[in-house]
Amino acid sequence: QVQLVESGGGLVQAGDSLRLSCAASGRTFSSYAMGWFRQAPGKEREFVAAISRRGGSIYYADSVKGRFSISRDNAKNTVYLQMNSLKPEDTAVYYCAARPGEVVSTRALYNYWGQGTQVTVSS
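Residues numbered from 1 in each chain as written. Predicted model: local features only at pLDDT ≥ 70, side-chain atom pairs only at ≥ 80, totals over all residues. Heavy atoms only, no water.

## Here's the deal with the overall build of the chain
Reasoning step 1: The number of helices and strands found in the chain is 0 helices and 11 strands.
Reasoning step 2: Listing every helix and strand of the chain by position from the N terminus yields β-β-β-β-β-β-β-β-β-β-β.
Reasoning step 3: Counting across all 123 residues of the chain, residues that qualify as buried make up 42%.
Reasoning step 4: Taking as baseline every contact in the chain between residues at least 6 positions apart, the subset at least 24 positions apart corresponds to 58%.
Reasoning step 5: Per element, the accessible surface of the chain, about 6,400 Å² overall, is 44% carbon and sulfur.
Reasoning step 6: For the chain, the distance from the average site of its 14 positive side-chain charges to the average site of its 9 negative ones is 7 Å. (Helix = DSSP H or I, 4+ residues; strand = E, 2+ residues; numbered from the N terminus. Buried < 20%, exposed > 50% of the residue type's maximum accessible area, 1.4 Å probe, protein only. Contact = heavy atoms within 4.5 Å. Areas by Shrake-Rupley, 256 points an atom, 1.4 Å probe, with all protein chains shown as cover. Lys, Arg positive; Asp, Glu negative; His and termini not counted. Charge placed at Lys NZ, Arg CZ, Asp CG, Glu CD.)

Spelled out as structure tokens, the structure:
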């Protein structure tokens, strides 16, 4: 089992950058594929980015491709989401998630979730 805690959210202006972090408990972090999802008010939680256990495979939603970058540091049990050129439509609660095994973009296949961190982008 793994516990996840996100941090790094906040209020920024359009065009700014933020880096989210997700710290995981346990000694088997490298056994989990990690994903970032987000949920805006009144909308379903959607996929943002995912990274495989050793970082060799990475996937992005089309809406963030070229602006967001996911990475992980297995020595620190942490996954990151670097968000550049932020837009008002990026406003959402951002969640990190973990699943044992292969990396996927399907929300329902992730077993463990953090509590989320709010990102608000003003125009």
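Next comes the rest of the description.
## Overview of the state of the cysteines
Reasoning step 1: For the coordinates displayed, the defined rule picks out 1 disulfide.
Reasoning step 2: Residue cysteine 22 pairs covalently with cysteine 96 via a disulfide, S to S 1.9 Å. Between cysteine 22 and cysteine 96 the disulfide shows an S-S torsion of about 40 degrees. By sign, it is right-handed. Taken together, the residues span a long stretch of sequence, with cysteine 22 in strand β3 (residues 18–24) and cysteine 96 in strand β9 (residues 92–100) at a distance of 74 residues. (Disulfide = S-S within 2.5 Å.)

## Some thoughts on the nonpolar core
Reasoning step 1: With 37 residues, the main nonpolar core has Met34, Trp36, Leu81, Met83 and Tyr94 as its most contacted residues.
Reasoning step 2: Of all the elements in the fold, those that place two or more residues in this core are β3, β4 (32–39), β5 (46–51), β7 (68–73), β8 (78–83), β9 and β11 (117–122).
Reasoning step 3: If sequence neighbours within four positions are ignored, leucine 81 has contacts with Leu18, Arg19, Leu20, Trp36, Val48, Ala49, Phe68, Ser69, Ile70 and Tyr94. (Core = buried A, V, L, I, M, F, W, Y, C linked by side-chain atoms within 4.5 Å.)

## Focus: the side chain of threonine 78
Reasoning step 1: With respect to the helices, strands and loops of the structure, threonine 78 is situated in strand β8.
Reasoning step 2: Of the polar contacts made by the side chain of threonine 78, one reaches the backbone oxygen of lysine 76; its length is 2.8 Å.
Reasoning step 3: Setting aside chain neighbours within four positions, we find threonine 78 in contact with Ser21, Cys22, Ala23, Phe29, Arg72 and Asp73. (Polar contact = N/O pair within 3.5 Å; in protein donor to acceptor, adjacent residues only side chain to side chain.)

## Quick word on the sheet that holds β3
Reasoning step 1: If you trace the 4 strands from one edge of the open sheet to the other, you get β1-β3-β8-β7, paired in antiparallel fashion. The two strands at the open ends of the sheet, each matched to only one other strand, are β1 (4–7) and β7. Between one strand axis and the next, the sheet turns through 15 degrees on average, direction left out of account.
Reasoning step 2: Direction of pairing for β3 relative to β8: antiparallel, over a ladder of 6 bridges. Looking at β8, one finds that leucine 18 is bridged to methionine 83. (Pairing = 2+ DSSP bridges. Axes fitted to C-alpha atoms, helices over the stretch in contact; angles between N-to-C directions.)

## Details of the pattern of salt bridges
Reasoning step 1: With the rule as written, the count across this model stands at 5 salt bridges.
Reasoning step 2: The shortest N-O distance in the salt bridge between aspartate 90 and arginine 38 comes to 2.9 Å. One end of the pair, aspartate 90, is in the loop between β8 and β9; the other, arginine 38, is in strand β4, and 52 residues separate them in sequence.
Reasoning step 3: Taking the relative accessible area as the measure of exposure, arginine 38 reaches 5% and is therefore buried.
Reasoning step 4: Arginine 67 is paired through a salt bridge with aspartate 90; the nearest N and O atoms lie 2.7 Å apart. You can see arginine 67 sitting in the loop between β6 (58–60) and β7 and its partner aspartate 90 sitting in the loop between β8 and β9, a full 23 residues away along the chain.
Reasoning step 5: Arginine 67 sits in the buried class, given a relative accessible area of 11%.
Reasoning step 6: Ionic contacts of the salt-bridge type, sharing partners, join the residues Arg38, Glu46, Arg67 and Asp90 into one network. (Salt bridge = Lys/Arg side-chain N within 4 Å of Asp/Glu carboxyl O.)

Purely geometric numbers; function is a separate question.
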